Every structure is written in structure tokens, then in C-alpha cells.
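Topology and contacts: notes
Listed here are the chains, written in short residue letters.
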Amino acid sequence: MSADGLIVVDKPGGMTSHDVVARIRRLARTRRVGHGGTLDPMATGVLVIGVGRATRLLTYVIGAGKSYAATVRLGQATVTDDAEGDVITVTPADAVADEAVRAAFAALAGDIDQVPSAVSAIKINGERAYKRVRDGESVDLPARRVTVSRLDVLAVRRDTPGVVDVDIDVTCSSGTYIRALARDAGLALGVGGHLTALRRTAVGGFALGEAATLDELERRAPEVVNLPLDAAADRFFPRREATADEAKVLSHGGPLDPVGIAGPYAVFGPDGALIAIVSERDGRARAEIVLAPA
């Protein structure tokens, strides 16, 4: 069976994130596998997979910032805000100037109130929004504050009459919908817009450069973990070293004295093994999750 840890996968198009999890379960020979942030079937790129005890780190991975390379088509709007949905409006975009295109995307950078795409995994009264849309319901989701820390327009292409294709590079907070950025840019320009390509290039500090394809993982199964648990935690969190006595207390769920490290951090024992993810509050350093083997 594969060791506990994280796998940075380069997800291919045409697969759901759950499909990738199912494949890793077979390769790693364990059911204890999860992913750190859904990618739509159309999308490719970085999907962080947790195996064994490392599945407990995924809640932190899901909340990490993300980067994407994407292509937006202006001049057509779709029911899903991406290329997988039916086109619902067509408005020729030939007359839209490059400067206006760049200005529309620039207005979407920073802290913005974004209405998620109706065809999303957000739950409404316990049911996914996308299921309600597919059942013929009209879905109105409330706006929520997200941060687009970087939105660069790399190219404005006019290869097809009636449409303008815009290549963008985005870094954003968790919960940001790139499909919604495409939709909103199209709305601002009065011609509609949707996403035609999406590749996630980074999740937190995990980037495409270290991602493995499913074919590569298949060849090295069951040794598919490329970041063992201790190394993964050391990469993702600030590090604190514990004494032998502190390690014993913490491994049993007891608190430690604070040391002034902001946010959750990883505590390692004298042997270099990960004990817990800890945060400081009310004058104590308390475990959020204990990862030392029982």
C-alpha cells in the first residue's frame, strides 16, 4: 500500500476530480484518498490528492490560493458560463476594442463581490446548484467576497469572425470562479462571454512543475505519493520543533505554550516526524488535528 502523503496530479481534461480519486485509490491500494479542491471535467492541471493520514491536510489545501491560465471567448454566453454548456446568446464582438477588453478584465481584479456560476457545486437547501439547474430550476446564488490578486491579459485574439478570444493568467483566493470572471467580463462589454479553456497552474505552493500525470503514476504504482506526510506539512505550514516532553503532550491532544507563530503551523518531534497541526489561541497552542501515529 502507498505511504501517507500528498500527490500533485496534472489532471487531464474529460475527467471529474472524483474520477481521479477513484484512479488513485486503485493505484495506491487504499480507500483513504481525497482531493484538495474540485476541478471541472473541462479543466486540466494541478489537483492535490491526499493519501492515508494526509487526507486530513486537505481542508487546508482547499482553502489555499490558486492560479490559473484560461481562455475567455467574448461574443457568446452559455448556460454554464463555459464551453460545456449550450450557447444562449450570440452578440458579435468584433467592434469591441482591445483597450475595452483589457479594462473590463482589470475591473475584475482586487476584492470583488462575485456571484458564483449557477451551474456550480454550491449547495442550496442541501442540493447542489448544478443539479437544480439541470432539473430546470432557475437558481439565484448570493454574491460572495473573493480576492483576485492578479489578473493579467496575455493576449487578445481575433481569429474567428464575431468572437474575441482572450488569454488570461489569474491568481485568486479559494472560492473564486474563473467561469464567473468570463461571464462578468462579457456582461460588462455587452457581448456575453464564457470560458473555453482552463488550466490550474498552482494550488498554494504546489505547482505544475512537480505534478505527475496519471500515466506516470500508473507506471510507479503503488508508490504514487510524491510528498510524504512530513515533507508535505513542512512545505505547506510554518514549522515548530517540539521537545520530547512537548511531543508526548501534543500527541495525546494536550496544549503547549505559545511561541507566537501566526496561523496554523506544523509541529515536529525530536525525530523529525510530524505530530500535529496547531494554532495559538487564548494563550495556548492547541492541536487542530493530531497526525502522530496512534
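Predicted model only: the values in this text are computed from it and were never measured.

We now examine the pattern of salt bridges. Within this structure, the stated rule accounts for 19 salt bridges. In this structure, Arg158 engages Asp98 in a salt bridge whose closest nitrogen and oxygen atoms are separated by 2.7 Å. Of this pair, Arg158 sits in the loop between strand 10 (144–157) and strand 11 (164–172) while Asp98 sits in helix 3 (residues 98–106), and the two are 60 residues apart along the sequence. Judged by its relative accessible area of 37%, Arg158 falls in the partly exposed class. Exposure remark for Asp98: the relative accessible area of 29% places this residue in the partly exposed category.

Looking at where Thr171 falls in the secondary structure, it is placed in strand 11. One polar contact links Thr171 to Arg150, side chain to side chain, over a distance of 2.7 Å. What Thr171 contacts, discounting residues up to four positions off in sequence, is Lys66, Ser67, Thr147, Val148, Ser149 and Arg150.

Turning next to the UniProt feature "active site" (unreviewed entry) in the protein. Under the UniProt annotation, "active site" (unreviewed entry) lies at Asp40. Mapped onto the elements, Asp40 comes out in the loop between strand 2 (33–35) and strand 3 (44–51). Taking the relative accessible area as the measure of exposure, Asp40 reaches 26% and is therefore partly exposed. Sequence-distant contacts of Asp40, defined by excluding residues within four places in its chain, comprise Lys11, Met15, Asp82 and Arg179.

Attention now moves to the UniProt feature "domain: tRNA pseudouridylate synthase B C-terminal" (unreviewed entry) in the protein. When the UniProt feature table is mapped onto this chain, "domain: tRNA pseudouridylate synthase B C-terminal" (unreviewed entry) is found at residues 179–219. The straight-line gap between the two end C-alpha atoms of residues 179–219 is 34 Å; of that span, 41% is helix and 32% is strand.

The next thing to look at is the nonpolar core. Ranked by size, the top nonpolar core spans 32 residues in total, and within it Leu74, Phe105, Ile168 and Ile178 carry the most contacts. Elements with a contribution of two residues or more to this core: strand 4 (66–74), helix 3, strand 10, strand 11, helix 5 (178–189) and strand 12 (193–203). Each residue touching Ile168, except ones within four places of it in the same chain, is listed here: Tyr68, Ala69, Ala70, Val72, Phe105, Leu151, Asp152, Val153 and Leu154. Val48, Tyr60, Ala64 and Phe237 belong to the second largest nonpolar core, which has 24 residues in total.

What counts, and at which threshold
Residues numbered from 1 in each chain as written. Predicted model: local features only at pLDDT ≥ 70, side-chain atom pairs only at ≥ 80, totals over all residues. Heavy atoms only, no water. Salt bridge = Lys/Arg side-chain N within 4 Å of Asp/Glu carboxyl O. Helix = DSSP H or I, 4+ residues; strand = E, 2+ residues; numbered from the N terminus. Buried < 20%, exposed > 50% of the residue type's maximum accessible area, 1.4 Å probe, protein only. Polar contact = N/O pair within 3.5 Å; in protein donor to acceptor, adjacent residues only side chain to side chain. Contact = heavy atoms within 4.5 Å. UniProt positions renumbered as here; feature names shortened; annotations may be inferred. Core = buried A, V, L, I, M, F, W, Y, C linked by side-chain atoms within 4.5 Å.

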